[in-house]
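Here are the chains, one letter per residue:
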Amino acid sequence: GRVFGYTADCMKPVEAEAWLHPRVVVPILRKRVLLNLLLIGTVSMGAFVMMESTIAIYLARPDTFSWGMTKVGLYLSMVGLVIAGVQGGLIGRLPKRFGEWPLTESGPVFVALGMALLVGVAYRPALWILIPGGLINAFGRSITTPTLYALVSKASDPKEQGSVFGLMQGLSGIARVIGPIVAGVAYERHMTAPYWISGTIMLVVMVWTVAVHGVWRPSGGFGLWQPIAKSRWRQIPTASSRCDFVI
């Protein structure tokens, strides 16, 4: 017969580690592909929030739409619904058909196109420019973020994924602070500056992602990891315990 069991160490409480400790972070940052994916996610988030932090005052200007809070809120709700719809349903089918890398590479192009349409609103305030701009922007953002997270997962050591995603969330938080600051300074120079800067950043991100894809080695190298092969004996060590699974 087959026996399934745990060692006694598995029953001991696991102590939380400081995931920002150098001994945890440094090995992650030494993996070039993973480091680049983390930086791509950080820069992309900074570009995303440049639109979010200025769109209300942009659409409220008398030389664009003179919108009040209600109309701006409805516009942002439309953008949010597109993001929720794509990430909540469509994103599950798109990677199966097109693959994660093509989606991660094409998403920034959609975002840049949406930003270009928002710039156009300053010169031709029209809903037929504004609404497609928001929809295209939202679609690009929606296919970029989940597929990038999937690539980060594949580029990570399974034992480090908690630390990797914690680091990724921390970097995204920093981007959410820096992005609005850059957008505010740019907006003071010209009302369209946050959008063409953001669009330019996303085009750079697209080229950057294509370059990283070029050195992607699914079979190994640059710190990439494959799923653990099935076996009759597997040991999974952690910092505070060791669990032996016997089949």
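Refer to the structure above for everything that follows.
What counts, and where the lines are drawn
- Residues numbered from 1 in each chain as written.
- Predicted model: local features only at pLDDT ≥ 70, side-chain atom pairs only at ≥ 80, totals over all residues.
- Heavy atoms only, no water.
- Helix = DSSP H or I, 4+ residues; strand = E, 2+ residues; numbered from the N terminus.
- Buried < 20%, exposed > 50% of the residue type's maximum accessible area, 1.4 Å probe, protein only.
- Contact = heavy atoms within 4.5 Å.
- Areas by Shrake-Rupley, 256 points an atom, 1.4 Å probe, with all protein chains shown as cover.
- Salt bridge = Lys/Arg side-chain N within 4 Å of Asp/Glu carboxyl O.
- Core = buried A, V, L, I, M, F, W, Y, C linked by side-chain atoms within 4.5 Å.
- Phe/Tyr/Trp six-rings, centres within 6.5 Å; stacked < 30°, edge-to-face > 60°.
- Patch = residues over 30% accessible without salt bridge, like charges linked within 9 Å, V, L, I, M, F, W, Y side chains within 5 Å.
- Axes fitted to C-alpha atoms, helices over the stretch in contact; angles between N-to-C directions.
- Parallel < 35°, antiparallel > 145°, perpendicular 65-115°, else oblique.
- Left-handed = near helix turned anticlockwise from the far one by under 90°.
- Nonpolar A, V, L, I, M, F, W, Y, C, P; charged D, E, K, R; others polar.

1. A look at the overall build of the protein chain
Secondary structure summary: the protein chain contains nine helices and two strands in total. Its helices and strands taken in sequence order, the protein chain reads α-α-α-α-α-α-α-α-α-β-β from the N to the C terminus. For the protein chain, with 247 residues in total, the buried portion stands at 39%. A fraction of 76% describes how many contacts in the protein chain between residues 6 or more apart in sequence connect residues 24 or more apart. Split by element, the accessible area of the protein chain, about 13500 Å² in all, is 67% carbon and sulfur.

2. Concerning the pattern of salt bridges
Taken as a whole, this structure holds six salt bridges when the rule is applied. Notably, a salt bridge pairs R61 with D63, separated by 2.9 Å at the nearest N-O pair. Exposure remark for R61: the relative accessible area of 26% places this residue in the partly exposed category. A salt bridge links E100 to K154; its shortest N-O distance comes to 2.8 Å. With a gap of 54 residues between them, E100 in helix α6 (residues 100-121) and K154 in helix α7 (residues 127-154) connect regions that are remote in the sequence. One network of salt bridges, with partners in common, ties together E52, R141 and R176.

3. Notes on the nonpolar core
Ranked by size, the top nonpolar core spans 48 residues in total, and within it L37, Y58 and L59 carry the most contacts. Leave out the neighbours within four places in its chain, and Y58 touches T64, L118, V119, V121, A122, Y187, M191, T192 and Y195. Formed by five residues, the second largest nonpolar core is a distinct cluster that contains I91, L94, L103 and I143.

4. What to know about the packing of aromatic side chains
Given two aromatic rings, one states the distance between the centres and the angle between the planes to describe the pair. A full pass over the atoms with the stated rule returns five aromatic pairs. With centroids separated by 5.1 Å and ring planes inclined at 40°, the aromatic side chains of F65 and W67 adopt a geometry described as tilted. Both residues of the pair, F65 and W67, count as buried.

5. Describing a nonpolar patch on the surface
A cluster of nonpolar residues, I174, V177, I178, I181, V182 and V185, forms a patch on the protein surface that exposes about 520 Å² of accessible area. What makes I178 partly exposed here is its relative accessible area of 47%.

6. Comments concerning unusual backbone geometry
In this model, S66 sits at a positive phi of 55°, which is unusual for a non-glycine residue. Along the chain, the position of S66 falls in the loop between α3 (55-60) and α4 (69-88). Its relative accessible area of 46% is what places S66 among the partly exposed residues.

7. Topic: the packing of α6 against α7
Between α6 and α7, whose axes approach to 7 Å, the crossing angle comes to 155°. The angle between the axes of α6 and α7 places the two elements in the roughly antiparallel class. Relative to α7, the crossing made by α6 is left-handed. Here the contact of α6 with α7 is composed, by residue class, of 19 nonpolar, ten polar and three charged.

In short, shape yes, function no, at least from these values alone.
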